[in-house]
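Results of the structural survey
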Amino acid sequence: MSSRSPRPIGVALCLAAVAVLAAPTLLLPADSPTEPKLVFAAAGAVIFVLAVRRIRREPAAQAPPGRQDEDVTDR
């Protein structure tokens, strides 16, 4: 087992999704057309889905392997 932890790519993607979703509110004027805002929302949603899938595949999200070598007794 390596002592180095994997890079938190899923967390970085979540932060990127938040930035993309917040960009229209922070950068575009309030009376701007809706279509660019929808593009930002769609892109942010896709990035968020990728982040969730990445987090679910990280080793910490997996169930620990069963230990077969231990003697389990009922008392």
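Scroll up to find the structure this text is about.
Residues numbered from 1 in each chain as written. Predicted model: local features only at pLDDT ≥ 70, side-chain atom pairs only at ≥ 80, totals over all residues. Heavy atoms only, no water.

**A word on the overall build of the protein**
Rules: In DSSP terms, a helix is any run of H or I states spanning at least four residues, a strand is any run of E spanning at least two, and both are numbered starting from the N terminus. Think of it in three bands: with a 1.4 Å probe and only protein chains considered, a residue is buried below 20% of the maximum accessible area for its type, exposed above 50%, and partly exposed in between. The criterion used for residue contact is that any of the two residues' heavy atoms lie within 4.5 Å. With residues, only the protein chains shown are counted as cover, and all accessible areas are computed by Shrake-Rupley using a 1.4 Å probe.
Check the secondary structure of the protein and you find 2 helices and 0 strands. Here the protein holds 75 residues, and the buried ones make up 12% of them. For the protein, the share of sequence-separated contacts (at least 6 apart) that also reach a separation of at least 24 residues comes to 61%. On the protein, roughly 6700 Å² of surface is accessible, and the fraction owed to carbon and sulfur atoms is 63%.

**Re helix α1 (residues 9–27)**
Basically, it comes down to this: Expected helix span is taken as 1.5 Å per residue step, with the number of steps being one fewer than the number of residues. Two axes enter the bend calculation: one fitted to the seven residues ending at the residue in question, the other to the seven starting there, and the bend is the angle between them.
Spanning 19 residues, α1 covers 26 Å between terminal C-alpha atoms, matching the ideal 27 Å at 1.5 Å per step. The sharpest bend along α1 comes to roughly 30°, located at L21, with the proline P24 sitting one to four residues further on. Residues G10, C14, A17, A23 and P24 constitute the buried set of α1. The inward-facing, buried residues of α1 contact α2 (34–57).

**Some words on the environment of A19**
Note on placement: A19 falls in helix α1. Since its relative accessible area comes to 48%, A19 is described here as partly exposed. Sequence separation between A19 and F40 is 21 residues, and the spatial gap between their C-alpha atoms is 9.7 Å.

**Here's the deal with a nonpolar patch on the surface**
What counts is decided by this rule: Like charges within 9 Å and nonpolar side chains (Val, Leu, Ile, Met, Phe, Trp, Tyr) within 5 Å are joined into patches, using only residues over 30% in relative accessible area that form no salt bridge. Every case where a carboxyl oxygen of Asp or Glu lies within 4 Å of a side-chain nitrogen of Lys or Arg is listed as a salt bridge.
Among the surface-exposed residues, V11, L15 and I55 lie close enough to one another that they form a single nonpolar patch of about 260 Å² accessible area. By secondary structure assignment, the location of L15 is in helix α1.

**Digging into the side chain of S32**
Stated formally: N or O atoms closer than or at 3.5 Å make up a polar contact, with two conditions inside protein: a donor-capable atom paired with an acceptor-capable one, and, for residues adjacent in sequence, both atoms drawn from side chains.
By secondary structure assignment, the location of S32 is in the loop between α1 and α2. A distance of 3.0 Å separates the side chain of S32 from the backbone oxygen of P29, its partner in a polar contact.

The quantities given are spatial measurements derived from coordinates; they are silent on function.
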